[in-house]
Amino acid sequence: MEKFLIGIDTGGTFTDAVLVKKATGRVVHTAKAPTHHHSLSSGISEALGSLLSTCAVPAEAVDGIAISSTLATNAVVENKGARVAVFVIGYVKHFKLPVKAVIFVKGGHTINGVEEEPLELEYITSLLHNLKDEVDAYGICAAMSFKNPTHELVTEKAIAMIDPKPVFSSHRLSTVAGMEPRAATAGLHAKLMPLMADFIEGVEYSLKQANIRAPLHIVSGNGELLNAQNAIEHAGMTVSSGPACTALFGMLHSPPEAVIIDVGGTTTDVTMIKNGRPLFSEKGCHIGKWHTHVKAIDMLTRGIGGDSLVQLSEKNALSIGPQRVTPLATSPCIAEIDTWLGNGGASQCIELLGKIPGDSNFTRVITALEKKGPCTLQQLQRETQLSSVPLDRQLENLSRQRLIRETGFTPTDALHVL
């Protein structure tokens, strides 16, 4: 029986699938389906179903699956993903990271791996009782942990006993000095671990529905393949997964010196080809506000793409992105545009997606949306009597849990008009 490989790319707007003959590498067929952010497996199932039915290829002929995705990149750029607390252990100048909390505690080791100061374990455990209802994952970075990871391992164990949620320690990936980028690396992995676990669960469900039992691999940001478990445990490695594939494809189809530009739904990524190879970031990738030790193809990523929200301020100043919304042209169900679209707080329309869990903490927002239907930010402020900061925070959490859809005018809509 002739064997085939399947490549799938889950982007912010579309999910694409490609069927390739394993022996020759020839593309047999392609399929495209909308990406459903509230159910990523739906888009994958649609693309897979279309791919296999069109070519009449039996599931047992599929010998491998490789998946790339902008899921991690988009989560970083849009500041979505898990709420993370990062424990920084050892004497270090305080710094900020784009996470829920950065907590500095005593401890750490010297460059020789000798304990510099005892770990403040009692302080850590007291904090965990307050943090467990506020965060979804933890990052840990201790001074010189790549020489001696003891304090990170002890902190991991304390977290597991009090709040068993995803944890990532810096010694598992970062082997060079620099507390801030090492802490950022740990925080980034922790931020993306729950997201990647949900994504892979959805992928595996889609493959099971299609009766495909071939090995599953995820493309990392440096172009290498990770198995499903490694992709979850080292989720930060999948940052720039989609753009890495674009860069590698561009390498095969461009002159030795080239610039590759990938404009997606959420981000635009620019990479350089030099001497026929993509450039790699020597000290780790720098994406959005994150400067990490994650090895990836060197690229410039900005939160502007086809589905970036276009806004006019009250004084008619134009801004685009980094927030991604559903374009007006593709939104399945919103109020008539001329009844709401306008400047400032009327630039987007928000609607509920299905039934909200009974234990939700967003009663005022949900009640307003259930009562009024799709609303603008202005309308929600009036209905909930919440000021912009707490309202934005609640909407961010609802969006992170994929409980709402936000629709607005985007470059995609401008393209439809043109």
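The structure this text deals with has already been given above.
These remarks concern the structure in this document. The structure presented is a predicted model; accordingly, all values stated were derived computationally and were not measured.

## With respect to helix α1 (residues 40-55)
Item 1. Between its first and last C-alpha, α1 extends 23 Å over 16 residues, near the 22 Å set by a 1.5 Å rise per residue.
Item 2. Taken residue by residue, α1 has L40, S41, G43, I44, A47, L48, L51 and L52 as its buried positions. The buried residues of α1 occupy an angular sector of 160 degrees when projected down its axis, which confines them to one face.

## Points about the pairing of strand β2 (residues 14-21)
Item 1. Alignment of strand β1 (residues 4-10) against β2, held across seven bridges, turns out to be antiparallel. Counterpart to F4 in the pairing with β2 is K21.
Item 2. In this antiparallel pair of consecutive strands, β1 and β2, the connection spans three residues.
Item 3. Summarising the sheet, β2 and strand β3 (residues 27-34) pair through seven bridges and their orientation is antiparallel. Within the sheet, the bridge partner assigned to V20 lies in β3 and is V27.
Item 4. Between β2 and β3, which pair antiparallel and follow one another directly, the connecting turn spans five residues, one of which, G25, has a positive phi of 75 degrees.

## A short note on unusual backbone geometry
Item 1. Here the amide bond leading from G321 into P322 is cis, since omega sits at 0 degrees, within 30 degrees of zero.
Item 2. The topology assignment puts P322 in strand β18 (residues 318-324).
Item 3. Here N316, not a glycine, exhibits a phi torsion of approximately 70 degrees, which is positive.
Item 4. Checked against the element boundaries, N316 lands in the loop between β17 (308-312) and β18.
Item 5. Take N316: its relative accessible area is 51%, and that puts it in the exposed class.

## Re the packing of aromatic side chains
Item 1. In this structure the tally under the stated criterion is two aromatic pairs.
Item 2. Measuring from centroid to centroid gives 6.3 Å for F87 and Y138, while their planes differ by 15 degrees, and the two rings are stacked. Within this pair, whereas F87 is found in strand β5 (residues 84-89), its partner Y138 is found in strand β7 (residues 137-142), the two being separated by 51 residues in sequence.
Item 3. Ring geometry for F95 against F104: centres 5.3 Å apart, planes inclined by 80 degrees, an arrangement best described as edge-to-face.
Item 4. Stacked on the ring of F14, the Lys or Arg K32 has its end atom at 4.8 Å from the ring centre.

## A few points about the packing of helix α3 (residues 121-131) against helix α4 (residues 150-162)
Item 1. Following both chains from N to C, one finds α3 and α4 inclined at 35 degrees, their axes separated by 10 Å at the closest point. When you trace α3 past α4, the crossing you get is right-handed. On α4, the residues touching L121, I124, T125, L128 and H129 of α3 are V154, T155, A158, I159 and I162.
Item 2. A breakdown of the residues in the contact of α3 with α4 according to their chemical character gives seven nonpolar, three polar and no charged.

Here is what the cut-offs are and how they apply
Residues numbered from 1 in each chain as written. Predicted model: local features only at pLDDT ≥ 70, side-chain atom pairs only at ≥ 80, totals over all residues. Heavy atoms only, no water. Helix = DSSP H or I, 4+ residues; strand = E, 2+ residues; numbered from the N terminus. Expected span 1.5 Å × (residues − 1). Buried < 20%, exposed > 50% of the residue type's maximum accessible area, 1.4 Å probe, protein only. Arc of directions from axis to C-beta. Pairing = 2+ DSSP bridges. Phe/Tyr/Trp six-rings, centres within 6.5 Å; stacked < 30°, edge-to-face > 60°. Lys NZ or Arg CZ within 6 Å of the ring centre and 35° of its normal. Axes fitted to C-alpha atoms, helices over the stretch in contact; angles between N-to-C directions. Left-handed = near helix turned anticlockwise from the far one by under 90°. Contact = heavy atoms within 4.5 Å. Nonpolar A, V, L, I, M, F, W, Y, C, P; charged D, E, K, R; others polar.

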